[in-house]
Amino acid sequence: MLSITSCISSLPYTSKAPGSLGEVLACDVDILATSSYFNPVMASLVQGGSISPSAHANATENVQQTVTGQLGGFMSSYFAELGFWKIAVTILLALVAYDQCSYIIQKGSIAGPAFKVPFFGPFIQAIHPKWEGYMQQWASGPLSCVSIFHKFVVLASDRDLAHRIFKSPGYLKPCIVPIAEEIMSPKAWVFKQGREHVEYRKGLSGLFTNKAIATYLPVQESIYDQFFSQFVADSEANDGKPTSFMVRFREINCALSLRTFFGSYISQDAVQRIANDFYLVTAALELVNIPLSMYIPGTKPWRGKRVADACQVDFARCAAACKEKMARPGAEPTCVVDQWVLHMLACERYRERIAAGETGVEKPQNLIPVFSDEEIGRTLFTFLFASQDASSSATTWLFQVLAQRPEVVARIRAENLAARGGDRRRPFDLDMYPELLYTRAVVKELLRYRPPVIFVPYVATKTFPITPDYTAGKGAMVIPSCYPALHDPEVYADPGTFDPERWISGDAESKTKNWLVFGAGPHDCLARSYVPLQMAHMIGKAAMDIDFVHHPTPRSEEIRVFATLFPMDGCQLVFTKRV
Ligand code: HEM
């Protein structure tokens, strides 16, 4: 009798067969069919004896009855002879074998453990991800895999494969982690596909143009004033001794995002509450969650979902207030939601005038509907979701890496002072940005050196041929990596060294294919040009107003993975006010 292992070895070794239960069962049926051990009639049928259609039908019926009868009899006498434990053990072994086969079939020719820890896979490592684990995984091959519970995960470390994955929306959709869709809402625009996604995204493109960004700068300037004073006060309250600033950096980014998105529509209480609670959303985003845990009070997914829902209620309220204000004649936009609602109102006016029969009316770019308050809230929640962890990580490394390099800060300071015409109190404006050559290089190098997003999980919506030799099955997670391309020694010499000069006198700027900090393809970061500008504003302003010193610990350069990357010791700094 054929064993399960021989069944696997008879299948193509690439994962063309995704190893679904259906396929493994189909494989078992083949064994039954080709084995005369079970029934000689069946064997003759499948071996292609020449018979008429009616004989075929009768024979099939006979076969079914015979097989069912024989099998039924065989099974019942077999199970009758066995006790409960023997049955339980048999079922367990069958499940282990199925799980193992499914893994081996899906793994095919790519790198990965030869066998899987039964059912769980590297579950514990997934809950407590270690930086070294990712490095080893990337080093293991251009494509590698792991399987955790029923989830099969393919990681691409190779730059070109990463591009192929990022740019295959016909086969893949973003999933972040499987639970993200439920936390954000399955209706969130980022989960739309194809044309629908492209059209929706076009309607958002006006929110991060230079013209729009200029209207966000004053509120951002005031957030920096408020938080930099707070940083100094924190250090004073700690007697000038170093303390972890990672949490403060999460807070400043949350406040920055919320005020940039909603200006004064959002209350200070809500900003504070969201800044305190948002980490619960991040904490819920584990690669694998216990099924239905989102409905079990007290679990991480349950807490994350509650925070997400509460945020969206707050955001919908802000949208309603914004609509009311922007409908007033002469209303000036000062935040993202203002810009978006003004665009909606302009589109509505255009439609009304056309409907009234007017001709020669100027058509707004990208016609969009007037979205409901809930839809606006949902979409701006996706912005917060996309920005909070990545921006907090970038800010943390920005301050740590620069505090360790006073000579870099001195150059940023001199450049920013010159751009402000010698007046360090002058607020940042967009005209200064092109002049900040060195500051921009520092920001780019920081994002390369410590990219906040190391990879972007997608899920295959159908079988996806990643290479001519390897096809990922439907439902597999397929993860293009950003980090290896940004640390490729053949592209960025000495990639582990922080060297802003490579963006000025070197050729780093021309290596666009390796610049995967913001992903690539139809889902690439909506804020890819806004983020460097915002970081340049932040560090330029900090250089004008405050001094900051890093106090290294043995764990400062160790990397902690909490959705994005952070220094393991939480970034030990002391801030003082510049006189
Ligand atoms: C350091 C900061 C940031 C980094 C490193 C970053 C990086 C990324 C990456 C890698 C992706 C996935 C790209 C892909 O799948 O190809 C992404 C998507 C996205 N990001 Fe960012 N991001 C940052 C900040 C922001 C901010 C501040 C916003 C909004 C204000 C934002 C909005 C988005 C949105 C909406 C998407 C999804 C776009 C889509 O699905 O079409 N990001 N970001």
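Computed from a predicted structure; not experimentally measured.

When you go through the protein residue by residue, the secondary structure sums to 20 helices and twelve strands. Every one of the 579 residues in the protein was classed for burial, and the buried ones make up 38%. Within the protein, contacts between residues separated by at least 24 positions form 73% of all contacts whose residues are at least 6 apart in sequence.

Moving on, we get to helix α13 (residues 268-284). Structural remark: α-helix, 3.6 residues per turn; residues separated by three or four positions point the same way. Along its 17 residues, α13 runs 25 Å from first to last C-alpha, staying within 8% of the 24 Å computed at 1.5 Å per residue. The sharpest bend along α13 reaches about 35° and sits at asparagine 276. The complete set of buried residues in α13 reads Val271, Ile274, Ala275, Phe278, Val281 and Ala284. Along its buried surface, α13 packs onto α9 (180-184), α12 (246-262), α14 (300-326) and α16 (373-403).

We now examine the site of the ligand. Near the ligand, the surroundings consist of 25 residues, among which Ala386, Ser387, Ala390, Gly519 and Cys525 are the closest. A per-element tally of the shell around the ligand places α16 first, with seven residues. Each residue belonging to the shell around the ligand can be placed in one class, and the counts come to 17 nonpolar, six polar and two charged.

This paragraph deals with the sheet that holds strand β5 (residues 458-460). Strand-to-strand pairing in sheets goes through backbone hydrogen bonds, with the strands running parallel or antiparallel. Taken in spatial order, the five strands line up as β1-β2-β8-β5-β3 in an open sheet, and their pairing is mixed. If you trace the sheet from one side to the other, it starts and ends with β1 (143-148) and β3 (172-174), each paired once. Taken over all neighbouring pairs, the strand axes of this sheet differ in orientation by 30° on average, direction set aside. Taken together, the three bridges between β3 and β5 define a ladder with antiparallel strand orientation. Paired with proline 174 across the bridge in β5 is tyrosine 458.

Another point: the environment of methionine 344. By the secondary structure assignment, methionine 344 is in helix α15 (residues 336-355). C-alpha separation for the pair methionine 344 and isoleucine 368, spaced 24 residues apart in sequence, amounts to 6.0 Å. Ignoring sequence-local partners within four residues, the contact set of methionine 344 consists of Ile368, Val370 and Phe371.

Turning our attention to the pairing of strand β10 (residues 559-562). Pairing of β10 with strand β11 (residues 564-567) involves four bridges; the strand directions are antiparallel. Bridging from a neighbouring strand, isoleucine 559 pairs with proline 567 of β11. The hairpin formed by β10 and β11 contains one residue between the paired strands, and alanine 563 there has a positive phi angle of roughly 65°.

Another aspect to go through is the packing of helix α18 (residues 437-449) against helix α20 (residues 530-545). Packed helices, taken two at a time, are described by the angle between their axes plus the distance between the axes. With their axes 9 Å apart at the nearest point, α18 and α20 run at an angle of 115° to one another. In terms of orientation, α18 lies roughly perpendicular with respect to α20. Between α18 and α20 the crossing geometry is right-handed. Listed contacts from α20 to Thr439, Arg440, Val443 and Lys444 of α18 are Pro532, Met535, Ala536, Ile539 and Gly540. Of the residues that constitute the contact of α18 with α20, the class distribution is five nonpolar, two polar and two charged.

So, on to unusual backbone geometry. For aspartate 239, which is not glycine, the phi dihedral falls at a positive 55°. Checked against the element boundaries, aspartate 239 lands in the loop between α11 (210-237) and β4 (243-244). Its identity as a non-glycine residue notwithstanding, asparagine 366 has a phi of 55°, on the positive side. Classification of asparagine 366 as partly exposed rests on a count of 15 C-beta atoms within 10 Å.

Time to look at α12. Between its first and last C-alpha, α12 extends 24 Å over 17 residues, near the 24 Å set by a 1.5 Å rise per residue. The buried fraction of α12 is high, at 16 of 17 residues. Glycine 263, located one to two residues past α12, shows a positive phi value of around 50°.

All right, on to the confidence of the model for the protein then. Confidence in the prediction of the protein, expressed as mean pLDDT, is 87, and 85% of residues score 70 or more. Every residue in residues 1-60 scores below 50 in pLDDT, and together they form 67 contacts with partners more than four places removed in sequence or on other chains.

The next subject is the sheet that holds β4. With antiparallel pairing, three strands are arranged side by side in an open sheet as β4-β12-β9. Of all strands in the sheet, those with a lone pairing partner are β4 and β9 (546-550), marking the two edges. In the packing of α11 onto the sheet, contacts are made with β4, β9 and β12 (572-577), and the angle to β12 comes to roughly 110°. Contacts between α16 and the sheet are confined to β9 and β12, with β9 contributing the most and set at about 80° to the helix.

Moving on: the packing of helix α17 (residues 406-419) against α20. One can describe the packing of α17 onto α20 by two numbers: an axis separation of 9 Å at closest approach and a directional angle of 95°. One element, α17, and the other, α20, form an angle in the roughly perpendicular class. Residues Val409, Ile412, Arg413 and Asn416 of α17 touch α20, and the partners they reach there are Ile539, Gly540, Ala543 and Met544. For the contact of α17 with α20, the residue count by class is five nonpolar, two polar and one charged.

So, on to the nonpolar core. Soluble globular proteins tend to pack their nonpolar side chains together in the buried interior. Judged by nonpolar contacts, the single largest core of 127 residues is most densely connected at Val154, Val337, Val478 and Ile479. It is α16 that provides the largest number of residues to this core, a total of 13 residues. Non-local contacts of isoleucine 479, meaning those with residues more than four positions away in its chain, are made with Val153, Val154, Leu155, Ala156, Phe455, Val456, Pro457 and Tyr458.

Rules of the game
- Residues numbered from 1 in each chain as written.
- Predicted model: local features only at pLDDT ≥ 70, side-chain atom pairs only at ≥ 80, totals over all residues.
- Helix = DSSP H or I, 4+ residues; strand = E, 2+ residues; numbered from the N terminus.
- Buried ≥ 20, exposed ≤ 12 C-beta atoms within 10 Å, placed from the backbone.
- Contact = placed C-beta atoms within 7 Å.
- Expected span 1.5 Å × (residues − 1).
- Bend = angle between axes of the 7 residues up to and from the residue.
- Near = placed C-beta within 6 Å.
- Nonpolar A, V, L, I, M, F, W, Y, C, P; charged D, E, K, R; others polar.
- Pairing = 2+ DSSP bridges.
- Axes fitted to C-alpha atoms, helices over the stretch in contact; angles between N-to-C directions.
- Parallel < 35°, antiparallel > 145°, perpendicular 65-115°, else oblique.
- Left-handed = near helix turned anticlockwise from the far one by under 90°.
- pLDDT = per-residue confidence, 0-100.
- Core = buried A, V, L, I, M, F, W, Y, C linked by C-beta atoms within 7 Å.

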